[in-house]
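Here is how the chains run, residue by residue.
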Amino acid sequence: MNLLEIIRKRCSIRQYASTPVEQEKLDYLLESMRLAPSAVNFQPWRFLVVREPEGCARIRECYPRDWFTTAPLYIVVCADHSQSWKRAADGKDHADIDASIAVEHLCLAAAEQGLGTCWVCNFDVPKCKAHFHIPETIEPVALVPVGYPASDALFDEAVKKRKPLHETVQWETF
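Residues numbered from 1 in each chain as written. Predicted model: local features only at pLDDT ≥ 70, side-chain atom pairs only at ≥ 80, totals over all residues. Heavy atoms only, no water.

Remarks on the sheet that holds strand β1 (residues 45–50)
Piece 1. Strand order in this open sheet of four strands is β1-β2-β4-β3, and the pairing throughout is antiparallel. The open sheet has two free edges, formed respectively by β1 and β3 (116–117), since each of these has just one partner strand.
Piece 2. Sheet analysis places β1 next to strand β2 (residues 73–80), joined by six bridges and oriented antiparallel. The partner of Trp45 across the bridge, within β2, is Ala79.
Piece 3. Helix α2 (residues 23–34) contacts β1, β2 and β4 (138–147) of the sheet and is inclined by roughly 165° relative to β1. (Pairing = 2+ DSSP bridges. Helix = DSSP H or I, 4+ residues; strand = E, 2+ residues; numbered from the N terminus. Contact = heavy atoms within 4.5 Å. Axes fitted to C-alpha atoms, helices over the stretch in contact; angles between N-to-C directions.)

The structure is reproduced here in structure tokens:
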């Protein structure tokens, strides 16, 4: 499968099988995230893997949706603001951007491995920080459930609504 095929396969999975994710595949996903590019190569991310029942119960309190409870494991992708690059011209902190690049590496690597993910940003951040003792300078950016889709057909059935290229690309100037 080439990269464009993986990109087309990747979609938000909201139904997971109870099958556990093999350690080898989890290691592959984590390595894919670790290798993501970051501003000035500062790598200001932290990845919290949650797969034990007690931790899964706590993370599910941060995003209480029925479908979310079906995932066998979660990765909390965090941005460490004490380690991130800040742009001199306007002070823009790139920690969240860098963490987001790592999330997309995770999602693409998971799709390649036949695993589903769903990028969750609408969660209770203060509760997440408290439940997992996340330090003040570290921001949870996304919760990513990871697991085998309840059906392989979910990859094929996902509707990808995308604007046509001519609506999103400008040439030379706006």
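Read on for the rest.
A short note on the environment of Leu29
Piece 1. Mapping Leu29 onto the fold places it in helix α2.
Piece 2. Here the alpha-carbon distance between Leu29 and Gln113, two residues 84 residues apart in the chain, equals 8.9 Å.
Piece 3. Non-local contacts of Leu29, meaning those with residues more than four positions away in its chain, are made with Leu106, Ala109, Ala110, Leu115 and Val146.

What to know about the pairing of β2
Piece 1. Judged by how many residues are buried, β2 sits mostly within the fold: eight of eight residues are covered.
Piece 2. On β2, burial covers both faces: Leu73, Ile75, Val77 and Ala79 on one face and Tyr74, Val76, Cys78 and Asp80 on the other are all buried.
Piece 3. Where β2 meets β4, eight bridges bridge the pair, whose relative direction is antiparallel. Bridge pairing links Asp80 to Ile138 in β4. (Buried < 20%, exposed > 50% of the residue type's maximum accessible area, 1.4 Å probe, protein only.)

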